[in-house]
Every structure is written in C-alpha cells, then in structure tokens.
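# Summary of the model geometry
Residues per chain, in single letters:
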Amino acid sequence: MTTTRTETRTASRPAAALPGAWRLGLARGALELRQFFRERDQVIFTFSFPVLFLFLFASIFSDDVQGADITASQLYVPAMIAAGIMSTSFQSLGISIAMERDQNVLRRLRGTPMPPAAYFLGKLWLVLVTGLLETVLLLTVGVAVYDIELPGGAADWLTFGWIFVLGLTGCALLGIAISSVPKSAQSATSVVILPFLVLQFISGVYIAIDTIPDWMLNIGALFPLKWMCQGLRGVFLPESARILEQTGSWEYGRIALVLAAWCVGGLLLCLLTFRWKSRRDG
Amino acid sequence: MDATTGDTEAAVEVRGLRKRYGDVTAVDGIDLRVGRGEVFGLLGPNGAGKSTTVEILQGHRTRDAGDVRVLGSDPGSAGRELRARIGIVWQDESAPAELTVDETVRHFARYYPSPRDPGEVIGLVGLGEKSGARVKSLSGGQRRRLDVALGIVGGPEVLLLDEPTTGFDPAARRQFWELVAALADEGTTIVLTTHYLEEAEALADRLAVITAGRVAAEGSPAELRRLHSSLATVEWTGHDGRAHSERTGTPTRTVAELSASFDGEIPGLRISRPTLEDIYLGLTGQESAR
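- An unreviewed UniProt entry lists chain B under the name ABC-type xenobiotic transporter, from Streptomyces triticagri.
- In its Subcellular location (unreviewed entry) section, the UniProt entry covering chain B states "Cell membrane".

- As annotated in an unreviewed UniProt entry, chain A is Transport permease protein from Streptomyces triticagri.
- The record held by UniProt for chain A lists under Sequence similarities (unreviewed entry) the comment "Belongs to the ABC-2 integral membrane protein family."

## Overview of the overall build of chain B
- Counting its regular elements, chain B contains 11 helices and 12 strands.
- Seen along its three principal axes, the alpha-carbon backbone of chain B occupies a region of about 80 × 45 × 40 Å.
- In chain B, which comprises 290 residues, the proportion classed as buried is 52%.
- By sequence separation, contacts in chain B at least 24 residues apart represent 65% of the contacts at least 6 residues apart.
- Per element, the accessible surface of chain B, about 13000 Å² overall, is 47% carbon and sulfur.
- Positive and negative charge centroids in chain B, built from 34 and 44 side chains respectively, lie 4 Å apart.

## Re unusual backbone geometry
- Notably, Asp-147 of chain A is not glycine yet its phi reads approximately 55°, a positive angle.
- Looking at where Asp-147 of chain A falls in the secondary structure, it is placed in the loop between helix H6 (116–146) and helix H7 (154–178).
- In this structure, Glu-163 of chain B is a non-glycine residue whose phi angle is positive, near 45°.

## Digging into the UniProt feature "domain: ABC transmembrane type-2" (unreviewed entry) in chain A
- The UniProt entry lists residues 41–277 of chain A under the feature "domain: ABC transmembrane type-2" (unreviewed entry), expressed in the numbering used here.
- For residues 41–277 of chain A, helix accounts for 73% and strand for 2%, while the C-alpha atoms at its two ends are 27 Å apart.

## Concerning the UniProt feature "transmembrane region" (unreviewed entry) in chain A
All names here are of chain A.
- Look at the UniProt record and you will see "transmembrane region" (unreviewed entry) annotated at residues 43–62, 74–99, 120–145, 157–178, 190–209 and 255–274.
- Across residues 74–99 one finds 100% helix and 0% strand; the C-alpha atoms that close the span lie 36 Å apart.
- Structurally, residues 157–178 comprises 100% helix and 0% strand, and the distance from its first C-alpha atom to its last is 31 Å.

## Description of the packing of helix H3 (residues 40–60) of chain A against H6 of chain A
Residue and element names in this part refer to chain A.
- For the pair H3 and H6, interaxial distance at closest approach is 10 Å and the crossing angle is 25°. Classed by the angle they form, the pair H3 and H6 counts as roughly parallel. Between H3 and H6 lies a crossing of right-handed hand. Here H3 contributes Thr-46, Phe-47, Pro-50, Val-51, Leu-54, Phe-55, Ala-58 and Ser-59 to the contact with H6, which in turn contributes Thr-130, Leu-133, Glu-134, Leu-137, Leu-138, Val-141 and Tyr-146.
- Residue composition of the contact of H3 with H6, grouped by class: 11 nonpolar, 3 polar and 1 charged.

## A word on the packing of aromatic side chains
- Taken as a whole and judged by the stated rule, the model has 25 aromatic pairs over all chains.
- The interplanar angle of 85° and the centroid separation of 6.1 Å between the aromatic rings of Phe-36 of chain A and Phe-47 of chain A together place this pair among those described as edge-to-face. Of this pair, Phe-36 of chain A sits in helix H2 (residues 21–38) while Phe-47 of chain A sits in helix H3, and the two are 11 residues apart along the sequence. One exposure class covers both Phe-36 of chain A and Phe-47 of chain A, and it is buried.
- For Arg-173 of chain B, the ring lying beneath its charged end belongs to Tyr-196 of chain B, and the centroid distance is 4.1 Å.

## Some words on the interface of chain B and chain A
- Facing the 39 residues of chain B at the interface are 33 residues of chain A.
- For the pairing of chain B and chain A, the buried interface totals around 3700 Å² over both sides, and the portion due to carbon and sulfur atoms is 51%.
- The three residues of chain B that bury the most area against chain A are Arg-80, Arg-83 and Tyr-111 of chain B, which together make up 19% of that side's buried surface.
- Along the contact surface separating chain B from chain A lie 11 residue pairs in polar contact (both at pLDDT 80 or more).
- Among the secondary structure elements, those contributing two or more residues to the side of chain B that touches chain A are helix H3 (80–83), helix H4 (101–109) and helix H6 (140–152) of chain B.

## With respect to the pairing of strand S3 (residues 39–43) of chain B
All names here are of chain B.
- The element S3 is extensively covered by neighbouring structure, given that 5 of its 5 residues are classed as buried.
- Alternating residues of S3 divide into Val-39, Gly-41 and Leu-43 and Phe-40 and Leu-42, and every residue in both groups is buried.
- Bridge count between S3 and strand S7 (residues 189–194): 5 bridges; the pairing is parallel. Pairing of Gly-41 across the sheet is with Leu-192, part of S7.
- Both S3 and strand S8 (residues 206–211) contribute to a ladder of 4 bridges, which runs parallel. Bridge pairing links Gly-41 to Leu-207 in S8.

## Comments concerning the environment of Thr-211 of chain A
Residue and element names in this part refer to chain A.
- Assignment of secondary structure puts Thr-211 in the loop between helix H8 (185–202) and helix H9 (214–220).
- A relative accessible area of 54% means that Thr-211 is categorised as exposed.
- Taking the C-alpha atoms as reference points, Thr-211 and Leu-244, 33 residues apart in sequence, are found 9.6 Å from one another.

Scoring rules and cut-offs
Residues numbered from 1 in each chain as written. Chains lettered and ligands numbered in written order. Predicted model: local features only at pLDDT ≥ 70, side-chain atom pairs only at ≥ 80, totals over all residues. Heavy atoms only, no water. UniProt positions renumbered as here; feature names shortened; annotations may be inferred. Helix = DSSP H or I, 4+ residues; strand = E, 2+ residues; numbered from the N terminus. Buried < 20%, exposed > 50% of the residue type's maximum accessible area, 1.4 Å probe, protein only. Contact = heavy atoms within 4.5 Å. Areas by Shrake-Rupley, 256 points an atom, 1.4 Å probe, with all protein chains shown as cover. Lys, Arg positive; Asp, Glu negative; His and termini not counted. Charge placed at Lys NZ, Arg CZ, Asp CG, Glu CD. Axes fitted to C-alpha atoms, helices over the stretch in contact; angles between N-to-C directions. Parallel < 35°, antiparallel > 145°, perpendicular 65-115°, else oblique. Left-handed = near helix turned anticlockwise from the far one by under 90°. Nonpolar A, V, L, I, M, F, W, Y, C, P; charged D, E, K, R; others polar. Phe/Tyr/Trp six-rings, centres within 6.5 Å; stacked < 30°, edge-to-face > 60°. Lys NZ or Arg CZ within 6 Å of the ring centre and 35° of its normal. Buried area = accessible area lost by both parts, 1.4 Å probe. Polar contact = N/O pair within 3.5 Å; in protein donor to acceptor, adjacent residues only side chain to side chain. Pairing = 2+ DSSP bridges.

The following block contains the structure:
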C-alpha cells in the first residue's frame with residue numbers, strides 16, 4: 001500500500017504547478033491580519049497611540065491660527081493621520097520583520113517554495129487594512145471632537161486616496177528596508193522609532209509647519225512624511241489654511257512626485273538590502 | 001521515466017565540501033552520497049560540522065568549495081522547484097505565532113504544488129488532539145513535532161532533519177523514530193544529523209561518522225562494526241599482579257602464549273571486541289572521556 005502511494009505522489013508531481021505569488025500573497029495577508037488581531041497588546045498599542053497623541057496635542061494647542069481660519073487643534077488631525085499611516089506601515093513593519101528575522105520565522109519561510117513576493121504582498125495587505133482602520137479612527141475623532149469637515153467632493157477623496165496609497169506603500173517599503181538594520185530583535189524598536197520620532201518633529205506632525213525653521217523643514221522634505229502631512233492638510237482643511245504652507249500652496253504635483261519616488265526608491269532599497277537570515281547565521 | 005532515473009540518480013551527492021568561519025574550519029573536505037529512499041545519518045559530536053553540512057544541503061548556508069547536488073540541483077542556487085521537493089526541519093525552532101496548529105499546517109501546505117493532507121500530517125506527528133490549540137500554548141516537544149509536520153506537509157522527496165530529537169524525552173524520541181521509519185517506508189529519502197549513537201543505529205540504513213569536519217568512517221552500522229572491530233582487546237592480570245591489556249588482530253595466539261607462560265589458567269582473562277559505541281568514541285577521539 002505504501003508503494004502505491006509513493007508512485008501516485010511522484011507521478012502527480014510534474015503536472016502540479018507551483019502556486020502563484022499573487023494568490024499566496026492574499027493567503028499570507030489573511031494570515032498576517034489574523035495574527036495581528038489576535039495579539040491584543042499590539043492592536044491596542046498600534047491604534048491608541050496616534051489617537052492619544054492627537055488628543056494631547058490638540059488639547060494643549062487649541063487657539064485660533066491667525067489668518068488661517070482654523071484652530072491649532074484642527075492642524076493636528078491631518079498631521080496625526082499622516083503619522084498614523086507611517087506608524088502602521090514604517091514602524092510596525094520595521095519592528096515586526098526584524099523580530100521575525102531574529103526568531104527564525106523568515107528562515108523557515110525561505111526553506112519553503114513560497115515566492116518572496118508573496119511575503120511582501122502579505123505585509124502590504126496587512127498595512128493597507130490596519131492603515132485604513134487607523135485613518136478612519138483618527139478622522140472620526142477629528143470630526144467629532146475638533147470640528148473637521150469631511151470633504152464633499154469626489155476630487156478631494158480621490159486626492160486622499162492616492163496620498164494614502166502612495167504614502168503607505170512608500171513608508172511600508174522603507175519599513176521593510178530598515179528592518180535589515182538592527183542587529184537583533186532587542187535593538188529593533190529603538191532603531192526604528194528614533195528616525196520616525198525625528199521625522200515627526202521636522203515634518204509638521206508635532207510642531208506646526210510655520211514654526212519649524214526652514215532648514216529643518218527642508219531635511220524633512222527629503223522624506224515622505226512631510227508631504228503626506230501637507231497633502232492631507234489640503235484634503236481636510238479649508239483653503240484658507242494654505243497660507244501656512246512654505247510655498248503658500250498645497251503642491252499636489254510635487255507631493256505625488258516625491259511619494260512615487262519613494263515607492264520606487266524604497267523598492268530598490270528593499271531588493272538590495274533585504275536579509276532573510278539573522279546576522280548570527282552569517 | 002521517473003522510475004528509471006530515480007533509481008540510479010543519487011538523492012544527495014556531496015564532493016569535496018569545505019566551509020570556514022573566519023579561522024575555524026567547520027567542514028574540511030566531505031564526500032557523501034545518499035541514494036533514493038535511503039535513511040542516512042550524520043553522526044558526530046557537537047561542533048564536528050554536521051549541522052553546517054546539512055545547512056549547506058538546505059541551501060541556507062554558502063560553501064567555500066565543493067560540489068553539492070540535492071535531487072540533481074545545486075541547493076545554493078536552486079529556486080522554488082527544488083524547495084518544493086525537499087522538507088527541512090531546523091535545529092532551533094522558530095517563534096510561535098498566534099495561530100493554531102491546524103491553521104499553521106494548512107497554511108504551509110498552500111506553498112506546495114502537491115501537498116499532503118494537513119489533517120493527516122497533524123495526526124502523523126501525534127498532534128491530532130492539539131490541532132485546535134494555539135502554537136504558543138504547545139510544549140517544547142509538541143512544537144518540535146509541529147516543526148516536523150511543517151517539514152513533511154509538502155510531501156518532500158528528501159527530508160533534511162537537523163538534530164530532530166534534541167530535548168525529547170525517551171518516549172517522544174521512540175515515537176519520532178517510528179514516524180521517520182514510516183516516512184522512509186513511503187520512499188522518502190531522509191538525511192538526519194544526530195549526536196545520539198542509539199538514534200543513528202535505530203534509524204539509519206547508512207551513517208557517516210563526522211569528526212573535525214571530515215568523514216571518519218562511513219557504512220551501515222553492521223559494516224562499521226565489522227570494519228573497526230578486527231582488533232580485539234585481551235586483558236589479564238600479570239605475574240606482577242597488575243592489570244595488562246593488549247590490542248591484537250590475533251587474540252587466539254596471544255591467549256595461547258599467555259596460557260603457556262602461566263602454565264594453565266590465565267588470571268583475570270577477558271577478551272572483548274569493541275561495541276559500536278567504542279568504535280564511535282574511538283573514531284571521534286573521545287576514548288579518554290570514558
């Protein structure tokens with residue numbers, strides 16, 4: 001009986017094709033989401049952090065902004081949405097992949113015929129869903145507590161759509177790239193959070209854009225976060241708030257350009273630097 | 001066609017394999033040939049180079065020199081097609097996820113073109129009752145069995161096991177041996193490393209004793225015993241009252257000579273042939289440790 005079985009398995013092998021990356025990417029995405037939502041600490045931390053920061057900053061700085069016809073609190077809503085997108089993509093991927101590498105999860109996957117693209121697609125599905133949930137949560141608080149008006153036109157939502165997708169993808173790729181930097185899981189959190197924290201200060205998340213020195217803002221402008229904040233201000237704040245910007249306009253064209261460039265650059269960076277092995281595996 | 005080529009082509013072929021880590025030479029010129037359907041044991045003390053060899057077979061580690069073929073392909077450069085045909089059980093397990101045993105095995109089955117039935121595999125490794133349990137709630141031994149399940153769910157032609165039973169209690173080890181025997185019966189080629197002689201003897205059709213990065217001896221357990229037990233040890237108590245011993249290929253002559261010198265009965269006479277364990281310890285230079 002055992003021989004029959006060997007024969008059938010060997011015989012059927014050449015006919016069966018290897019499963020495709022797209023389908024396995026969907027399966028991995030479903031698996032990643034299931035794992036994510038089962039880890040309660042992680043869910044609470046991920047979603048409550050930006051909401052808590054929005055509440056703190058928007059409550060501390062709540063005066064009217066001169067000439068812009070908005071309150072300082074309202075400035076924080078798009079800023080925190082942008083930071084929330086970056087935290088669910090860049091921060092969570094940077095830390096979680098470093099840990100998966102350190103704990104041999106990546107090595108095990110590498111030992112199977114899973115195509116590498118399926119792993120990254122799975123991660124993108126995860127950040128797409130969590131990033132969207134984070135945005136909805138922050139927007140709900142912004143509308144309910146800080147009188148943010150949701151845009152009425154389809155054009156604004158379309159703008160929001162591409163800023164969200166390009167920003168999230170760029171940050172996710174950067175997160176995947178930075179996950180190769182920390183030597184171990186222990187150091188991953190600091191390695192990932194430090195640059196993210198600095199970027200939040202110089203990109204107009206914590207500190208209003210018209211208060212930050214130009215040279216700092218120019219450094220921030222090299223990275224996606226500044227442009228995500230700017231674009232989301234354009235979507236969720238009245239036109240009168242435009243005067244606060246460096247150039248006095250929302251600069252959608254340049255935003256699209258920078259974010260798209262980061263998607264391409266981030267992808268190249270990932271392809272060049274991604275490690276499946278931990279350092280002790282050489 | 002499979003059947004004709006399958007019998008002649010080796011499942012694993014290694015020639016002149018070398019690997020250094022900095023100043024340390026881990027593998028110093030190893031040659032191996034494992035036939036299809038064979039259970040091959042790499043036996044040796046810790047640090048002998050067994051794991052490095054298997055990790056090179058897995059495609060997980062680069063080599064400095066030598067030719068390596070697994071199912072006809074070089075694992076160092078082979079892609080998904082080869083990985084779909086081999087199963088790997090690593091020495092150190094990976095972190096438990098927030099998934100159940102069933103979800104994990106079912107998910108890994110999806111990576112393969114013609115996987116085994118996940119439920120059957122879970123039963124085979126003895127985790128049937130735990131199939132709904134989260135992986136993090138499993139004991140160390142149960143996680144190891146899950147590792148084995150993930151290694152075989154793709155229906156591999158070659159299964160590479162690195163120290164599979166380290167940390168098992170005796171009952172679990174015996175159960176694992178039965179599983180390996182069952183897989184071998186199905187025709188799976190199995191390469192395993194172990195530092196338990198008992199395990200190598202129970203499982204392996206053939207084994208290679210590895211020491212200091214080289215193959216010190218190779219053959220079936222019976223062959224090894226025959227080849228290395230030509231010298232018998234004759235022990236007796238001498239005229240001076242002290243214990244003497246002599247290793248000799250002609251123990252009968254030694255005994256005859258002793259008998260003449262003692263004029264009859266030889267005090268404390270003992271003639272012994274080495275056990276497989278003696279041979280192993282001798283080959284690996286651990287004799288003095290006993």
